[in-house]
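# Coordinate inspection notes
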Amino acid sequence: MDLTSPEPGGMSLRPVGVVRSTVQEPFLVSGRDGISMREGPETSRDHVRSVKEAASEIVIDENRIALLDGIEEYSHITVLYWGHKVPEESRSVDRVHPMGRTDIPKTGIFSTCSPARPNPVLATVVGLHARRGNVLEVTGLDAVDGSPVIDIKPYVPAQYPNGDVRVPAWMEGLMNEVDKRCA
């Protein structure tokens with residue numbers, strides 16, 4: 001993957017590594033009409049819950065290993081990756097039912113965590129458990145096996161708001177459904 005703009009000073013995006021995971025297919029299926037759950041609500045919720053504990057690896061290109069110096073001092077990192085299995089036609093979707101749930105009204109893509117986006121740049125905070133050379137062992141990474149890693153940043157809680165954070169009721173409900181089943 002190499003995304004380079006033909007314009008001077010334009011965007012250039014190159015992966016720095018790849019995800020190695022047991023997840024072979026995304027649990028959400030996206031298409032021209034929006035998104036839906038691959039295997040139904042309960043199975044999809046189980047998938048989201050299992051990802052929180054599942055171990056996976058981020059393999060950084062060996063010629064970029066110096067990028068990782070000092071990363072093992074952090075307990076968590078933010079991983080930005082490319083949704084390589086998001087079909088081109090779903091990149092023009094403007095509104096979706098969050099998580100494909102038709103009981104939740106359609107909302108704009110930028111108001112969701114949907115992988116169906118104009119540019120499927122996806123991000124998640126993961127637990128960092130070990131570094132072995134150019135390989136990071138993590139938990140909580142919801143990326144599909146083979147996803148190109150665009151960037152990694154340390155997770156520093158002080159850089160994120162911790163009070164007066166507001167989310168819509170439907171998002172709070174979705175997160176509560178997942179958390180209830182984890183307890």
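Residues numbered from 1 in each chain as written. Predicted model: local features only at pLDDT ≥ 70, side-chain atom pairs only at ≥ 80, totals over all residues. Heavy atoms only, no water.

### Notes on the overall build of the protein
Along the backbone of the protein there are two helices and 12 strands. If you list the helices and strands of the protein from N to C, you get β-β-β-β-β-α-β-β-β-β-β-β-β-α. Sorting the 183 residues of the protein into buried and exposed places 37% on the buried side. Relative to all contacts within the protein whose residues are 6 or more apart in sequence, the contacts with residues 24 or more apart total 73%. For the protein, the accessible area works out to roughly 10,800 Å², and carbon and sulfur atoms hold 51% of it. (Helix = DSSP H or I, 4+ residues; strand = E, 2+ residues; numbered from the N terminus. Buried < 20%, exposed > 50% of the residue type's maximum accessible area, 1.4 Å probe, protein only. Contact = heavy atoms within 4.5 Å. Areas by Shrake-Rupley, 256 points an atom, 1.4 Å probe, with all protein chains shown as cover.)

### Description of the sheet that holds strand β7 (residues 76-82)
The six strands lie next to each other as β3-β6-β11-β10-β7-β12, forming a closed barrel whose pairing is antiparallel. Each neighbouring strand pair of the sheet contributes to a mean axis angle of 45 degrees, computed without reference to strand direction. Sheet analysis places β7 next to strand β10 (residues 121-132), joined by seven bridges and oriented antiparallel. Residue pairing for β10: V79 is matched across the bridge by T124. (Pairing = 2+ DSSP bridges. Axes fitted to C-alpha atoms, helices over the stretch in contact; angles between N-to-C directions.)

### Quick look at the side chain of R101
Mapped onto the elements of the fold, R101 is located in the loop between β8 (95-96) and β9 (107-108). Classification of R101 as buried rests on a relative accessible area of 13%. A polar contact of 2.8 Å, which involves the side chain of R101, links it to the side chain of D103. (Polar contact = N/O pair within 3.5 Å; in protein donor to acceptor, adjacent residues only side chain to side chain.)

### Brief notes about the nonpolar core
Side chains of nonpolar character tend, in soluble globular proteins, to be buried together. By size, the foremost hydrophobic cluster in this structure holds 18 residues, and its most contacted members are I58, I77, V79, L136, V138, L141 and I152. Counting residues per element, the ones that place at least two in this core are β6 (55-60), β7, β10, β11 (135-139) and β12 (148-154). For I152, the residues in contact, after removing those within four places along its chain, are I58, I60, I71, I77, T78 and L136. (Core = buried A, V, L, I, M, F, W, Y, C linked by side-chain atoms within 4.5 Å.)

### Looking at the packing of aromatic side chains
Describing an aromatic ring pair means giving the distance of the ring centres and the angle of the ring planes. Counted according to the given criterion, the structure contains one aromatic pair. Each ring, one from Y155 and one from Y160, has its centre 5.1 Å from the other, and the planes form 20 degrees; the classification is stacked. (Phe/Tyr/Trp six-rings, centres within 6.5 Å; stacked < 30°, edge-to-face > 60°.)

### Focus on the pairing of β12
Bridge analysis of strand β3 (residues 17-20) against β12 gives two bridges, and the strand direction is antiparallel. Among the inter-strand pairings, V18 is bridged to a residue of β12, identified as P148. The sheet contact formed by β7 and β12 spans five bridges and is antiparallel. Directly across from L80, in β12, lies its bridge partner D151.

### Here we look at the pattern of salt bridges
Under the defined criterion, the tally for this structure stands at eight salt bridges. A salt bridge links R131 to E72; its shortest N-O distance comes to 3.2 Å. Note that R131 is positioned in strand β10 and E72 in the loop between β6 and β7, a separation of 59 residues in sequence. Judged by its relative accessible area of 24%, R131 is partly exposed. The exposure class assigned to E72 is partly exposed, which follows from its relative accessible area of 44%. (Salt bridge = Lys/Arg side-chain N within 4 Å of Asp/Glu carboxyl O.)

### A word on the confidence of the model for the protein
Low pLDDT means the predicted atomic positions in that stretch should not be read closely. Overall, the prediction assigns the protein a mean pLDDT of 84, with 80% of residues at 70 or greater. Between the elements of the protein, mean pLDDT differs from a low of 58, seen in strand β1 (residues 3-4), to a high of 98, seen in β3. (pLDDT = per-residue confidence, 0-100.)

### A short note on the side chain of S114
Tracing the sequence through the fold places S114 in the loop between β9 and β10. For S114, a relative accessible area of 4% gives the class buried. Separated by 3.0 Å, the side chain of S114 and the backbone nitrogen of A116 make a polar contact.

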